[in-house]
Each structure stands twice: as C-alpha cells, then as structure tokens.
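Here are the chains, one letter per residue:
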Protein chains: 2
Amino acid sequence: MKNTKIICTNCGKAFSVDRVYPRCDLCTEPLEVERVRTGTITDGDILRQTILERYADFFPFSEGERTLSLKEGFTPLIESSKLASELGVKSLHFKNESQNPTWSFKDRGTAAGVNHALSLGYERIGTVSSGNMAVSVAAYGARAKLKTVIFVSAHIPPEKLDPIAIYDPLLIRVDGDYGDLYFQSLAIGKDCGIYFINSDVPFRVEGSKTIAFEICEEMNFEPPDIVIVPTSAGGNLRGIIKGFEEFLSCGLIERVPRFVCAQASGCSPIYEAFLKDNEKVSRFQNPDTIAHAIENPFPPSGNEVLRKIKQNRGIFVALGDDEILRAQKRLAEEGIFAQPAGAVPLAALAKLREDRSIDEESTVACIVTGGGLKYTAAFERHNLETAKCRIEDLADFVGDRL
Amino acid sequence: MKNTKIICTNCGKAFSVDRVYPRCDLCTEPLEVERVRTGTITDGDILRQTILERYADFFPFSEGERTLSLKEGFTPLIESSKLASELGVKSLHFKNESQNPTWSFKDRGTAAGVNHALSLGYERIGTVSSGNMAVSVAAYGARAKLKTVIFVSAHIPPEKLDPIAIYDPLLIRVDGDYGDLYFQSLAIGKDCGIYFINSDVPFRVEGSKTIAFEICEEMNFEPPDIVIVPTSAGGNLRGIIKGFEEFLSCGLIERVPRFVCAQASGCSPIYEAFLKDNEKVSRFQNPDTIAHAIENPFPPSGNEVLRKIKQNRGIFVALGDDEILRAQKRLAEEGIFAQPAGAVPLAALAKLREDRSIDEESTVACIVTGGGLKYTAAFERHNLETAKCRIEDLADFVGDRL
C-alpha cells in the first residue's frame, strides 16, 4: 500500500491504511481514505485497463496490488434530449451502472475492497446484504478464490437468494434482528479473520469515486451542475462527492456539482433528519418501498451524508412508489431498464423541477444504480400491454395500429 | 451510406446497400455487406466513442448516419487461469456480453440495424423473437423513438413477455405457426414500411463483427487459436468470423482463429447436418433444451455457417443440458453468471478437450452471449446451497465452516 492514512470523516482522527474495522474508535462515525490532492489519469486504452489502473493515482494500492477485476466500471453515460426537454433542463445524462459485471454499481466498491483484503493477506471476505452488494461480493469472492461468507435475513425469498447462491459462497440465512447482524459481522470478522466488505468500509467509498471520474471524462471535464444519487447506506453518494472533490483538488475540473440525496419516501431516514434539522439520522420505522435496493432504515453513513450535502448546498428529496414506478417506465422508454432504485433520480428530477429547486439552465446527471432484471416483481406494478392476434389476421391487425 | 454492396454469401449476387429484404433473390441464401479490405481503428477514447465510431472504417455508414447508440459493446474479456489449468489449455478468455445495455450480444447487431433503418428513412422497425433479440430491438426502438413492432408466439410465459413490454413496443402474441411468422414479418414489413431486424439481416451480422474486433484489441492483436460461439440462427458466428477475416485483410492481425460452432443437443440442426455430411440444414424436430436462447430449429444462416466452418477447418459440437448446467455453475464460480446459452462454449471446451479435438497448446476465447438473470428458471436445475442459523449461534456456526 502507498503511504497514506484512513481518516475519520467527523473528528479527523487518523488510522493506518491497513485498518479493516470501518468506524472511528473515538466518535463511531465512518472513516475515509485520505484525500488525494495531486494525481492524474493514467494513459491507456480502457479495453485493456481496469478502473483501478486508469485511476491508480487516486487509490492507495501499489503496482501489483490491484490485480483482481471483473472489469467493473467504464459504464455508459447516456444523454436524453427528449427527457431534458420534457423536464425543462439544459441537458440530462444517465450513468448506466447496470452494465457492470453483476449489473449494479456495487462492483466498483467490491473490486476496491477485495483488492484491499488481498493486499492485507486476507483469505476470507464477507458481507451483510440481501441485494446488490451480496451478489457483487459473492461474484468477486468467487473470482478471487477467497472463502466468501454472506449473511442474509432468514426471511428473504428464493428469488433474492438464488442470484447470490449461484456463485457458491457460504450463504447463511440468519434468524434474528437484521440490525444486530451488522455488528455481529464485525465481531465475527475480527475473530475469524474475515474482511467484511460492508456498505460503510472506506474502500467501498473509494470504488464509488470512479463514477465521478468517468462522468468527468465522459463530459469532457465539464461536470454537470447537478448529480442525483439514490441513497441508502450513503456510501455511494459519499464516494461520488469525494471523486469530484479529488478531481477538483488535482486541477482536472474547475468546479464540483451540487448533489441530490434522493431517497424513497418509504425509507427516508436522511431526508427526515434534514426536515427536522437533526444532526444525526434516526432509525426509520417500518420501512416499505418498491425500491428495495435503497431500503436501509439506519444508514451507516447517514450523518456524514447530512454533513456533506449541507456543506455542498445540495438537496434532500424523497419519492413515493408511484413516482418511482412512473420514472422506471419513462426511463425504459429511453431504452434503459433500471431496477426501481435506479429510477429514483429521474423521479427526483421531475419533482425538483416542479418545485423549482432545480432551474432550467441546469445540466443534470442521474446515477442509474442497477438493472431492472434484478427485481422483476416490479413488473406487476406496471400496466404492461400486449396484444393478441391470429397469424392470418396479422397484416390487417398491424396495419390498423400503425 | 458509403458506396458499397450487399452480396449473397452463396452465389455472390450483388445488391444495393439500401436493400432491406435479407435473402438472395436467386438462391434464397443470406446476404452480407461487402467485405472491407482496407481500414483501421479510429483513434479515440472509448469512454467517448461508440463501437460504430471506433470501427467506422468497417461499416458502410457515413458520418452522421450512426448516431443512435446505448453504448453497446466494449465488453470485458476476462481471463481464467484456473479454468485454463483445469481444462488443460494454454489460456482461456471469456468475452462477457452480459455487460451490454440489454445484457446480451444482440445489442451490437441491433445498433447496426437501427442505424441502417434510420439512414434509409424508416420510422418503423420490428423483429420476430421471444428472447434476447426482442428485448434488444424494443430497447433500441424506444431509444430511437421509432414505432417498434415485436411478434412473439402466443404461448410465451409472462416472465419472457414483461422484459420486452417494459420498453413499450407494439408487442403482439401471434397464434399460429412460429416458423411462418418469419415470412409473415417480411411480407408485412414490405407492405407497412417496417424494417424487420431479424436474426439474418446483414447489418446484424455487421454488429457482431465488433466482438472479433474487440477481442483482437484486448489480446494485443494476437487473436486466440480457438473461438467458441453458441450458435442458434447463425448470425453471431458469421459476424465474428467476418470480423476476424476483415482485420486480417486489413493487416491488423496475422491469422484467423479456428471457430467452434457450439449448439445444444436438444436443438442442433447445424451439428446434425455436419454429422450427416449434408450441405443443407434441415429443420430440427421437437427442440428442447435449457439453453432457450439458442433454440432455433431452422437457423436462417445454417447453410452459410456449415460452409464457413468447413472452410475454416473449424469444429461442430453439441452439448446436453447437464453439461450446459455444469458449465453455467463453473463459470459463476469464476464470477461470471451467464444464461445457459452463454455457458455453452465452456461446456464445449470441456468436451473438446476430453476428445482431444482441441490441444493443450491452444489459446481459447469463449463468447458468453448473455446474462444469467435473463433465465432464472435455470436456478431450479442447480442444487444451490444455503445454511440457516440463529444469530446467537452465528459465531460458532461460521467458525465450524471455515
């Protein structure tokens, strides 16, 4: 590892870069890898590069320490002039994270985390998750030939278990309080030498930085005015902010966007804390949203997200299921089929244009965090239309409908 | 369009590049765009390039005629030293087409086809398919704001319909012989001005060329000895062969790989024709395989694939469901979760190493044509394991299993 530190986001205490325990010993807030202030993009062709190679200056890995990859990242930024015009903004771009190896943004942070684990000599990794993160850690653990332990709730349905189990991890359905499971994982990790790559580990945040880096490159180093991020645990938003800030420090861009922390109304602990002007996020009671991938009732990076978005003069917003489903359909009609959580930014933009929180001169990027096939139960909530016809009547039938 | 022709693959008759009808008027065999003999890769960074821009010399589009894209292609080539060593080959690479916009290779050909349609002024496109191709055409049709007509069999289950319907095409379940539907589509297309981008249109083959181009780049212009392609209609294999041959003509590589046409035993009309030494492929009776995505009983490019693979001294092989499922699991344990059809090349390699058709000095590339979430029914066929445990026993439980 390079000579760098891991720093508490709240109190500034510094720790060794070899640290695995993800919270500050003093204030229990999340940690982050020391900010990079000089660096540039590594030349090369991304057909033969990984994100950790292209942005090597922005990671604490030494040469030879970042070899594990399934070629995460380098996802498309798709512009929609139609939706930009309908919503009344200058330009609108979708960062399509569904084109990752396990079809969500999680692969970026998993790649960074697994390489950290490997560089420290770990032979066991794990995570607590029932969704995108579990799938991603199971896939990378398999790829790295590491013993991989996944804790899920005892009650998750087979359609969520199978896409994790196919990679052959030690997959354990745990009967008990899901909130406690996170703390159990840290204790077991320490005892058993398992690096738990949970949502709040600093290296997961590092992986998410590359979303910002790529957006800068894709937009010719003129970042959008607004970046909208579906927010659950908070790590992805933290990473994206950190990415833009590091590129600014390094002189690669001239300004940082305003960020929108977009949650589902059915699970919006950070938004609620903002509304109540609280400095700390409280546990959200009885979470229930179609956007399961962002249904974290007590986000480990919640307080830090509150601090960062306020500093940034950013925006907090929460969206109902109907708004999210409408956005999912609208996005599919642009050719991008997102899981409900991935459509939250478009729903947020529609709402924030309506209440004028975002103005018409804005250039906007929405982070589409995962693919629609990850949550097929949402199909039932759409009124999807098909027609039926006998083959001998087909020509007339089609003619009538054109 | 550039000044080029469309040529019959069998009799050599030449047609205008504006032609939409996909078969030869004389011999009814499939057509292809005239081969490119001089050309090179367009400089640029693929974060800001599309496949049609990077390989512009190899497409008949003029500047401004290839603007429609969801950023298909530029998929990873993942090396597995573990599987190479287990199977006894020099090196083994997986081209992971599940990282396309609709999670299959079809997006490449759809992008080429839609741009052809747009350049000819079409406002309506269509396809006959119930799988990857239907999803892809629906997505690109939505993106292009074209009226998009999809014909599927009346009997397809909702889990196949919904991922097409979400993009909002005119989706018609047609009661009648599915084989006839293809010919109906061509007739209706002509009458109603609909460009049917079916599996055998020359521009779909052109799109598949880019798989070969990327493999060449990813392997530093030293192509693998063997390329294994799951084969159904035959267009993808034809495109990949054509891609390598064009790069050879242009001096970008020094030799063309040997190709393996890999089919499912439950639907192997090309393999059967080869076994019987027939020059023409016959309709396969009662097709039935877990690899639904390659279950075409009467492949429109079958005869041409027979000719090309024989010329190339390539290999024909067919795989049973058990072999395919074993390969699917084995590939997931490398971190790549493919749909069953996408695991067929790995199953083929295992078989062809066993019977010594492929030797141990070979470098091999397998085309993983689509993602595993496209066909979740396959989960039932695996014996996927999970454990269950109370939270208070978790530490001991994990400790015992490490």
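Residues numbered from 1 in each chain as written. Chains lettered and ligands numbered in written order. Predicted model: local features only at pLDDT ≥ 70, side-chain atom pairs only at ≥ 80, totals over all residues.

Counting 237 residues, the largest nonpolar core has Ile228 and Val344 of chain A together with Ile228 and Val344 of chain B as the members making the most contacts within it. Residues in contact with Val344 of chain A, not counting those within four places in the same chain, are Pro230, Ala262, Ala264, Ala291, Ile294, Leu319 and Ile324 of chain A. (Core = buried A, V, L, I, M, F, W, Y, C linked by C-beta atoms within 7 Å. Buried ≥ 20, exposed ≤ 12 C-beta atoms within 10 Å, placed from the backbone. Contact = placed C-beta atoms within 7 Å.)

Read across the open sheet, the 5 strands follow the order β14(A)-β8(B)-β7(B)-β6(B)-β9(B); overall the sheet is parallel. With one partner strand each, in any of the chains shown, β14 (387-390) of chain A together with β9 (195-196) of chain B form the two edges of the open sheet. As paired elements, strand β6 (residues 124-128) of chain B and β9 of chain B share 2 bridges and run parallel to each other. If you follow Gly126 of chain B over to β9 of chain B, its bridge partner there is Phe196 of chain B. (Pairing = 2+ DSSP bridges. Helix = DSSP H or I, 4+ residues; strand = E, 2+ residues; numbered from the N terminus.)

What links the strands of a sheet is backbone hydrogen bonding, and the strands pair in either a parallel or an antiparallel sense. Residue and element names in this part refer to chain B. Taken together, 3 strands build an open sheet; the order of strands is β2-β1-β3 and the sheet is antiparallel. The open sheet has two edge strands, β2 (14-16) and β3 (31-33), and neither has a second partner. Looking at each pair of strands side by side, their axes are set apart by 35° on average, direction ignored. With 3 bridges connecting them, strand β1 (residues 5-8) and β3 associate as antiparallel partners. Across the sheet, Ile6 pairs through a bridge with Val33, a residue of β3. (Axes fitted to C-alpha atoms, helices over the stretch in contact; angles between N-to-C directions.)

Moving on, we get to the environment of Pro345 of chain B. All names here are of chain B. Residue position: Pro345 is located in helix α12 (residues 340-354). As a C-alpha pair, Pro345 and Gly39 span 306 residues in sequence and 30 Å in three-dimensional space. Residues in contact with Pro345, not counting those within four places in the same chain, are Ile228, Val229, Pro230, Ala262, Cys366 and Ile367.

Taken residue by residue, chain A gives an average pLDDT of 96. The fraction at 70 or more is 100%. Complex prediction metrics read pTM 0.98 and ipTM 0.97. (pLDDT = per-residue confidence, 0-100.)

Time to look at the relation of the copies chain B and chain A. Relative to chain A, chain B is turned by 180° and slid 0.0 Å along the rotation axis, the superposed coordinates differing by an RMSD of 0.0 Å. In symmetry terms, the pair is related by a two-fold rotation axis. Scanning chain B for the C-alpha nearest the rotation axis identifies Gln99 of chain B, at a separation of 2.3 Å. A share of 99% of the interface residues of chain B reappears at the interface of chain A, consistent with the copies meeting face to face through the same patch. (Least-squares fit on C-alpha atoms with pLDDT ≥ 70 in both.)

Our focus in this paragraph is the interface of chain B and chain A. Note on interface size: it is often stated as the accessible area lost on association of the parts. Between chain B and chain A, the contact holds 70 residues from the first and 69 residues from the second. Every element with two or more residues in the side of chain B that touches chain A is listed here: α4 (132-144), β7 (147-153), α5 (158-165), β8 (170-175), α6 (178-192), α7 (202-218), β14 (387-390) and α13 (394-401) of chain B. Across the side of chain B that touches chain A, the residue classes break down as 37 nonpolar, 11 polar and 22 charged. (Nonpolar A, V, L, I, M, F, W, Y, C, P; charged D, E, K, R; others polar.)

Moving on to the pairing of β6 of chain B. Residues and elements named next belong to chain B. Here β6 lies mainly inside the structure; 4 of its 5 residues are buried. The pairing of β6 with β7 spans 5 bridges and is classified as parallel. The residue of β7 that forms the bridge with Thr127 is Ile150. Running through α4, the crossover from β6 to the neighbouring parallel element β7 is right-handed. (Right-handed = clockwise from strand over helix to strand, strands pointing away.)

Moving on, we come to the environment of Ala293 of chain B. Relative to the assigned elements, Ala293 of chain B resides in the loop between α9 (269-275) and α10 (302-311). Setting aside chain neighbours within four positions, we find Ala293 of chain B in contact with Gly131, Asn132, Ser232, Gln339, Ala341, Thr369 and Gly370 of chain B.

Here we take up α7 of chain B. One turn of an α-helix holds 3.6 residues; hence residues three or four places apart share an orientation. Residues and elements named next belong to chain B. In a regular helix each residue adds 1.5 Å, so 17 residues correspond to 24 Å; α7 covers 25 Å between its end C-alpha atoms and thus fits that length. By the criterion of burial, α7 is predominantly enclosed, with 17 of the 17 residues buried. Following α7 by one or two positions, Asn220 has its phi on the positive side, about 55°. (Expected span 1.5 Å × (residues − 1).)

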